[in-house]
Amino acid sequence: MNYQGYHTLSMATNALRERGFRNSFTLEKDHLVCLETGQRYQAKDLQIVEHYRFEGVSNPADMSILFALECDDGTKGTVISAYGTYATNGVLEFMEQVPRKDRAESS
């Protein structure tokens, strides 16, 4: 959720980048690919550190979720997904398989 008070996707992305989440990921079939390195990650290799949801105030196409991820090898980055009517790329389904850091630490 939007805990940090970020009002826009770009504000959140920039703040995360400043905090070390400098890589970007994209979904390819059943894994995420780091755009900067080409490294491939399965859901088990990742943890969701934070996530932020943005509502499309004037345009439903602007509805998105930003996930901050940490990989087992120390790589940190983000992946963005649309949700609602425009969620068609499978990222949300993939992210449901990725453990959340806060849940993993409390178990």
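All values reported here derive from a predicted model rather than from experimental measurement. (Residues numbered from 1 in each chain as written. Predicted model: local features only at pLDDT ≥ 70, side-chain atom pairs only at ≥ 80, totals over all residues. Heavy atoms only, no water.)

Comments concerning the overall build of the protein chain
Okay, step 1: Regarding its fold elements, the protein chain presents three helices and six strands.
Okay, step 2: For the protein chain, the sequential pattern of α-helices and β-strands runs α-β-β-β-β-β-β-α-α.
Okay, step 3: Split into buried and exposed, the 107 residues of the protein chain put 39% on the buried side.
Okay, step 4: Working note: accessible area of the protein chain is about 6400 Å², and carbon and sulfur atoms make up 47% of it. (Helix = DSSP H or I, 4+ residues; strand = E, 2+ residues; numbered from the N terminus. Buried < 20%, exposed > 50% of the residue type's maximum accessible area, 1.4 Å probe, protein only. Areas by Shrake-Rupley, 256 points an atom, 1.4 Å probe, with all protein chains shown as cover.)

Re unusual backbone geometry
Okay, step 1: For Lys 29, which is not glycine, the phi dihedral falls at a positive 55 degrees.
Okay, step 2: With respect to the helices and strands, the residue Lys 29 is situated in the loop between β1 (23-28) and β2 (31-34).

Considering helix α1 (residues 9-18)
Each α-helix turn comprises 3.6 residues. Residues three or four places apart therefore point the same way.
Okay, step 1: Listed in full, the buried residues belonging to α1 are Ala 12, Thr 13, Ala 15 and Leu 16. Projection of α1 onto a plane perpendicular to its axis shows the buried side chains occupying an angular sector of 165 degrees, all on one side.
Okay, step 2: Considering only its buried residues, α1 is in contact with β4 (46-54), β5 (64-71) and β6 (76-82).
Okay, step 3: Note on α1: the residue one or two positions beyond its end, Gly 20, has a positive phi of about 105 degrees. (Arc of directions from axis to C-beta. Contact = heavy atoms within 4.5 Å.)

Comments concerning the nonpolar core
The nonpolar side chains of soluble globular proteins are, as a tendency, buried together.
Okay, step 1: Within the largest apolar cluster, 19 residues are counted, with the highest numbers of intra-cluster contacts made by Phe 25, Leu 32, Leu 69, Phe 94 and Met 95.
Okay, step 2: Among the secondary structure elements, those contributing two or more residues to this core are β1, β2, β4, β5 and α2 (91-95).
Okay, step 3: For this core, the leading source of residues is β5, giving four residues.
Okay, step 4: Contact partners of Leu 69, with chain neighbours within four places excluded, come to Phe 21, Phe 25, Leu 32, Gln 47, Ile 48, Val 49, Thr 75, Lys 76, Gly 77, Val 79 and Met 95.
Okay, step 5: Residues Leu 16, Tyr 52, Phe 54 and Ala 68 belong to the second largest nonpolar core, which totals nine residues. (Core = buried A, V, L, I, M, F, W, Y, C linked by side-chain atoms within 4.5 Å.)

Some remarks on the side chain of Glu 50
Okay, step 1: Looking at where Glu 50 falls in the secondary structure, it is placed in strand β4.
Okay, step 2: Residue Glu 50 is classed as buried on the basis of its relative accessible area of 16%.
Okay, step 3: What Glu 50 contacts, discounting residues up to four positions off in sequence, is Leu 16, Arg 19, Leu 66, Phe 67 and Ala 68.

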